[in-house]
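Structural overview for review
Chain by chain, the residues run as shown.
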Amino acid sequence: MLDVEPQEAEEIIESLRNGIPPTGHLSEFTVGRAGQIEQLTYGLDHTDDDPRVLLLQANYGAGKTHLLRLVREVALESNYVVAFVTVDSKSNVRFNRMDQVVAAVMRAIEVPGMAKKGIGQLFDAFLTADGDELDDTLIKERAAV
């Protein structure tokens, strides 16, 4: 049984009504894919110097988006900043338009522990994390510029 607030329970039920696993709870709705999940999340736990590229390819309806949404959740739980963007003509983000791709990424940035999305949240998290180390005069000088 999940221990959730009433509002979150309603969101979960509505998501399931629409046939979509609820955001934030994909691990509870993912079975039989341990090997695939391990391959997709390998880089989150290992900081070796060997860069990896992984191609996720499958037929329509095989669960590619589900797996990528799960990786997003695992990354957020591991304190990574993520951006989940769909690049297609329906979402008005076309792969051949770098301005659209970059804008979509900036809007979709998610910072662990912050409710809102966007590049501003990343800046806020950065300033909050390093706020004690910044000199007050330096902050005032930068604000004046």
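**A word on the overall build of the protein chain**
- For the protein chain, the count of helices and strands is six helices and two strands.
- Secondary structure elements in the protein chain, listed N-terminal to C-terminal, are α-α-α-β-α-β-α-α.
- Residue pairs in contact within the protein chain that sit at least 24 positions apart in sequence constitute 45% of those at least 6 positions apart.
- A total accessible area of about 11300 Å² is found for the protein chain, and carbon and sulfur atoms account for 54% of it.

**What about the environment of Ile119?**
- Within the secondary structure layout, Ile119 lies in helix α5 (residues 119-130).
- Measuring from C-alpha to C-alpha, the distance between Ile119 and Met106 comes to 5.2 Å, with 13 residues separating the pair along the chain.
- Residues within four places of Ile119 in sequence aside, it is in contact with Met106 and Ile109.

**As for the packing of helix α2 (residues 34-45) against helix α3 (residues 64-77)**
- Two numbers describe how α2 lies on α3: the axes approach to 10 Å, and their chain directions differ by 40 degrees. Classified by the angle between their axes, α2 and α3 sit oblique to one another. Seen from above, α2 lies across α3 with right-handed handedness. Along the contact surface, α2 presents Gln36, Ile37, Leu40, Thr41 and Leu44, while α3 presents Leu67, Leu70, Val71, Val74 and Ala75.
- Taken together, the residues of the contact of α2 with α3 sort by class into eight nonpolar, two polar and no charged.

**Focus: unusual backbone geometry**
- Here Asn79, not a glycine, exhibits a phi torsion of approximately 65 degrees, which is positive.
- Residue class for Asn79 comes out exposed when judged on its relative accessible area of 62%.
- Unlike most non-glycine residues, Asn92 shows phi in positive territory, near 60 degrees.
- By secondary structure assignment, the location of Asn92 is in the loop between β1 (82-83) and α4 (98-108).

Conventions used here
- The numbering scheme is per chain: residues are counted from 1 as the chain's sequence reads.
- Reporting in this predicted model follows two pLDDT cut-offs: at least 70 for local features of residues, and 80 or more for side-chain atom pairs to be given and counted; totals over whole chains, interfaces and linings ignore these cut-offs and use all residues.
- The side-chain values count all of the structure's non-hydrogen atoms but skip hydrogen atoms and water molecules.
- Here a strand is any run of E in DSSP of at least two residues, a helix any run of H or I of at least four, and the numbering for each starts at the N terminus.
- Contacts are residue-level and defined by heavy atoms, with any inter-residue pair within 4.5 Å sufficient.
- Every accessible area reported is derived by Shrake-Rupley at a probe size of 1.4 Å, with residue values counting cover from the shown protein chains alone.
- A fitted line through C-alpha atoms represents every axis, and for helices the fit uses only the stretch in contact; the resulting angles, taken between N-to-C directions, go from 0 to 180 degrees.
- Note that the term roughly parallel is reserved for angles under 35 degrees, roughly antiparallel for angles over 145, roughly perpendicular for angles of 65 to 115, and oblique for everything else.
- Each crossing gets its handedness from the near helix: less than a right angle anticlockwise from the far helix is left-handed, clockwise is right-handed.
- Gly is placed with the polar residues, together with every amino acid not listed as nonpolar (Ala, Val, Leu, Ile, Met, Phe, Trp, Tyr, Cys and Pro) or charged (Asp, Glu, Lys and Arg).
- Working definition: with a 1.4 Å probe on protein chains only, accessible area under 20% of the residue-type maximum means buried, over 50% means exposed, and in between means partly exposed.

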